[in-house]
Amino acid sequence: MSLAPYVRILGRGPGRSRSLTQEEAREAMALILSGEAAPEAVGALLMLMRFRGETAGEVAGFVEAARATLPTWPGAAPALDWPSYAAGRTRGLPWFLLSARLVAQAGAPVLLHGWNSHQKAAASVRAALPAAGTAQAGSMEEAAELIARDGIAYLPLEAFAPRMLELLRLRDVLGLRSAINTVLRVLNPSVAPAAVQGVFHPPYRELQADACDLLGQPAMTVLKGGGGEFERHPSKDIALYGTRGGTRWEASAPALEDDHRRLADESPDPADLARLWSGELTDPFATAIVLGTAELALETCGLAPSLAQEAWAARHTARAA
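Bear in mind the structure is a predicted one, so any value in this text is a computation, not a measurement. (Residues numbered from 1 in each chain as written. Predicted model: local features only at pLDDT ≥ 70, side-chain atom pairs only at ≥ 80, totals over all residues. Heavy atoms only, no water.)

Novice: Any chance you could break down the overall build of the chain for me, citing the residues and the numbers?
Specialist: Helix and strand counts for the chain stand at 15 helices and 7 strands. For the chain, the C-alpha radius of gyration of 19 Å lies close to 20 Å, the compact-globule estimate for 321 residues. Each principal axis of the C-alpha distribution contributes one length, and for the chain these read about 65 × 40 × 40 Å. Within the span of the chain, comprising 321 residues, buried residues form 56% of the whole. (Helix = DSSP H or I, 4+ residues; strand = E, 2+ residues; numbered from the N terminus. Rg over C-alpha atoms; globule rule 2.2 N^0.38 Å. Buried < 20%, exposed > 50% of the residue type's maximum accessible area, 1.4 Å probe, protein only.)

Novice: I'd like to hear about the nonpolar core, residue by residue, with values.
Specialist: Of all hydrophobic cores here, the largest spans 63 residues; its most connected members are L3, L45, F62, L157, F160, M164 and I180. Here L3 is in contact with A28, L31, I32, A37, A41 and V42, once residues within four sequence places are set aside. Among the nonpolar cores identified, the runner-up in size contains 45 residues, and L97, W277, L281 and L298 belong to it. (Core = buried A, V, L, I, M, F, W, Y, C linked by side-chain atoms within 4.5 Å. Contact = heavy atoms within 4.5 Å.)

Novice: Just give me the short version of the sheet that holds strand β6 (residues 238–244), but keep the residues and values in it.
Specialist: Each strand in a sheet pairs with its neighbour through backbone hydrogen bonds, running either in the same direction (parallel) or in the opposite one (antiparallel). With respect to topology, 7 strands assemble into an open sheet ordered β3-β2-β1-β4-β5-β6-β7, the strand pairing being mixed. At either margin of the open sheet sits one strand with a lone partner, and together these are β3 (152–156) and β7 (247–253). The sheet shows a mean angle of 20° between the axes of neighbouring strands, direction not considered. Those strands touched by helix α6 (residues 125–132) are β1 (80–84), β2 (110–114) and β3, and its axis lies near 160° from that of β3. (Pairing = 2+ DSSP bridges. Axes fitted to C-alpha atoms, helices over the stretch in contact; angles between N-to-C directions.)

Novice: Give me the lowdown on the pattern of salt bridges, citing residues and values where you can.
Specialist: Pairing between side chains of opposite charge can happen when their charged atoms approach one another. For the structure on display, the rule yields 12 salt bridges. Across the pair R177 and E54 runs a salt bridge, and its minimum N-O distance is 3.6 Å. Note that R177 is positioned in the loop between α10 (171–174) and α11 (179–186) and E54 in the loop between α3 (39–52) and α4 (56–67), a separation of 123 residues in sequence. There is no split in this pair, since R177 and E54 are both buried. For D172, the salt bridge goes to R169, with nearest N and O atoms at 3.7 Å. For D172, a relative accessible area of 51% translates into the label exposed. (Salt bridge = Lys/Arg side-chain N within 4 Å of Asp/Glu carboxyl O.)

Novice: Pulling in residues and values, what's your account of the pairing of β6?
Specialist: Counting buried positions along β6 yields 6 of 7 residues, so the element is predominantly enclosed. Here 4 bridges tie strand β5 (residues 219–224) to β6, and the two strands are oriented antiparallel to one another. Bridging across to β6, T221 finds its partner in G242. In this sheet, β7 lies alongside β6 in antiparallel orientation, the contact comprising 7 bridges. Directly across from A239, in β7, lies its bridge partner S252.

Novice: Give a description of helix α12 (residues 203–215) that names residues and reports values.
Specialist: With 13 residues, α12 extends 19 Å between its outermost C-alpha atoms, agreeing within 8% with the 18 Å of an ideal straight helix rising 1.5 Å per residue. Residues of α12 that are buried: Y204, R205, L207, Q208, A209, A211, C212 and L215. Where α12 is buried, its residues contact α4, α11, β4 (194–199), β5, β6 and β7. Following α12 by one or two positions, G216 adopts a phi angle in the positive range, close to 75°. (Expected span 1.5 Å × (residues − 1).)

Novice: Account for the packing of α4 against α12, naming residues and giving values.
Specialist: Look at α4 against α12: their axes get within 8 Å of each other, and the N-to-C directions meet at 55°. Here α12 runs oblique to α4, going by the angle between their axes. For the element pair α4 and α12, the recorded crossing hand is right-handed. Across the interface between the two elements, A56, G57, V59, A60, V63, E64 and R67 from α4 touch L207, D210, A211, L214 and L215 from α12. Of the residues in the contact of α4 with α12, the class split is 8 nonpolar, 1 polar and 3 charged. (Parallel < 35°, antiparallel > 145°, perpendicular 65-115°, else oblique. Left-handed = near helix turned anticlockwise from the far one by under 90°. Nonpolar A, V, L, I, M, F, W, Y, C, P; charged D, E, K, R; others polar.)

Novice: Outline the packing of aromatic side chains, listing residues and values.
Specialist: Scanning the entire structure with this criterion turns up 3 aromatic pairs. When the ring of W82 is compared with that of F96, the centres are 6.4 Å apart and the planes differ by 20°; the resulting orientation is stacked. Of the two residues, W82 is situated in strand β1 and F96 in helix α5 (residues 96–105); the sequence distance between them amounts to 14 residues. Summarising the burial analysis for this pair, W82 and F96 share the class buried. Relative to W312, the ring of W277 has its centre 5.8 Å away and its plane inclined at 90°; by these criteria the two rings are edge-to-face. Here W277, found in helix α13 (residues 271–278), pairs with W312, found in helix α15 (residues 306–320); they are 35 residues apart in sequence, far enough to count as distant. Among the aromatic residues, those joined into a cluster by ring pairs are W82, F96 and F230. Over the aromatic face of W249 sits the side chain of R244, whose NZ or CZ is 3.8 Å from the ring centroid. (Phe/Tyr/Trp six-rings, centres within 6.5 Å; stacked < 30°, edge-to-face > 60°. Lys NZ or Arg CZ within 6 Å of the ring centre and 35° of its normal.)

This is how it looks when you write it as structure tokens:
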């Protein structure tokens, strides 16, 4: 078994090379995940794809092969898949974690999953989980139990796909991101019927939407979000891409606020997540981020966006009681 035929397809040179088909990509990734491929060939394949630009078929084929190696999700799938794989050099607090919690409280169970690098300590997604009221699971089984209890859970990549983490971390060796970054956003390990995805570079919105279309993802929304996460900037008009009813879909949404503050706080304090949720902190801009992001996620799930406002108000009612 060798990756050489796939490397040859990608690297023959001008006029002779081409992208992999979805089937070829699936075969190549299956070989990589089996551990039988030479590491030099793995690096060559990923960097040739990086040079050419990965296609939707290649991403979909990689996802199919990766899913075939994952543990089976125990029980019914959550309503919403929410990947978090951004490097986040330029972002502030992960307000989207409160959005995900709000979606869960509005009636759509959420699986957050991810791995983040190059983050400032105050912007760390995992470090912010306690302040955001979300528990971290150590396995798919534990994630399913937490979702049954809380409506939401965060599942680290290493807890369910350690080999994919190894491939992702080849960035440290090769010095460049690879198609694995995109694959993990599309992976949807629980095969939830709805998914939300963020990107940092705008062209990836259509790429990920097209890949989800090929995979038959029933509903998905992708946007250019804060630091590459699914997080709506409330002061900007945004372009939305994805799938609805298993077919490609595009839309737009107007700005919600006139405040043109940057999403990256100068001195972020993770405790502000808990303070905003409890009502101790009043910050209209941050609240607009949380609610605006949750509304898009709820719409993706086929639920009324207004449920975000209702759940936001209800959390104060519960606190007062």
